[in-house]
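Working through the structure, step by step
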Amino acid sequence: MKQINRLKVVLIEQNKTGKWSAETLRKNKAAISYWYTNEMQPLLEALASIANVLNIDVKYLLVSIKNRI
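Structure report, in brief. Just so it is clear, the structure is predicted and the values come from calculations on it, not from any experiment.

1. Notes on the nonpolar core
Judged by nonpolar contacts, the single largest core of 14 residues is most densely connected at Leu7, Ile32, Trp35, Tyr36, Ile50, Leu54 and Leu61. Looking at this core, the elements that each hand over two or more residues are helix H1 (7-13), helix H2 (18-25), helix H3 (29-36) and helix H4 (44-54). If near-sequence neighbours (up to four positions away) are discounted, tryptophan 35 is found in contact with Asn5, Leu7, Lys27, Met40, Gln41, Pro42, Ala46 and Ile50.

2. Some points on H3
The complete set of buried residues in H3 reads Ile32, Trp35 and Tyr36. What you see down the axis of H3 is that its buried residues fit within an arc of 95 degrees, all on one side. On the buried face of H3, the contacting elements are H1, H2 and H4.

3. A closer look at H4
Structurally, the α-helix is built with 3.6 residues per turn, so residues lying three or four positions apart point the same way. Turning to H4, its buried residues are Ala46, Leu47, Ile50, Ala51 and Leu54. For H4, the arc enclosing every buried residue in end-on projection is 135 degrees, short of the 170-degree limit, so these residues lie on one face. Opposite its buried face, H4 presents the exposed residues Glu45 and Asn52, each directed more than 90 degrees away. Structurally, H4 contributes buried residues whose contacts are with H1, H2 and H3. In the stretch just after H4, asparagine 55 is the one whose phi turns positive, near 60 degrees.

4. Observations regarding the packing of H2 against H4
Interhelical geometry of H2 versus H4 gives an angle of 105 degrees and a closest axis separation of 11 Å. Judged on the interaxial angle alone, H4 and H2 are roughly perpendicular. Facing Trp20, Thr24 and Leu25 of H2, the residues of H4 in contact are Ser49, Ile50, Val53 and Leu54.

Reading guide: rules and limits
Along every chain, residues carry numbers that run from 1 in the direction the sequence is written. For a predicted model such as this one, the threshold for reporting local features is a pLDDT of at least 70, and the threshold for listing and counting side-chain atom pairs is 80 or more; totals across whole chains, interfaces and linings nevertheless cover every residue. Remark: hydrogens and water are excluded; side-chain values derive from all non-hydrogen atoms of the structure. Nonpolar cores were defined as sets of buried Ala, Val, Leu, Ile, Met, Phe, Trp, Tyr and Cys residues, with membership established by side-chain atoms within 4.5 Å. Note on classification: 1.4 Å probe, protein chains only; a residue is buried when its accessible area is under 20% of the maximum for its type, exposed when over 50%, partly exposed between these limits. Strands are runs of DSSP state E lasting at least two residues, helices are runs of H or I lasting at least four, and both sets are numbered from the N terminus onward. Throughout, a contact is declared for two residues whenever any of their heavy atoms are within 4.5 Å. In this context, the arc is that of the directions from the helix axis out to the C-beta atoms. Here, axes are lines fitted to C-alpha atoms. For helices the fit covers the stretch in contact, and angles between N-to-C directions go from 0 to 180 degrees. Every angle not falling under 35 degrees, over 145, or within 65 to 115 is termed oblique; those three ranges are roughly parallel, roughly antiparallel and roughly perpendicular.

Pasting the structure below:
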């Protein structure tokens, strides 16, 4: 599966867990797991919320496709 988001990487960098994310964002743990494994992608609103609680720019959560084309 192609990596589209960097959520798992960013969580590891910030010493956060999926459980922390689910509780902080008030989301289902299964949904968070799908996002972090790139099986499904979060809505833009969810990405913005994640970036906000992690205090980062939302662009940092995405994998650039510029060099893939």
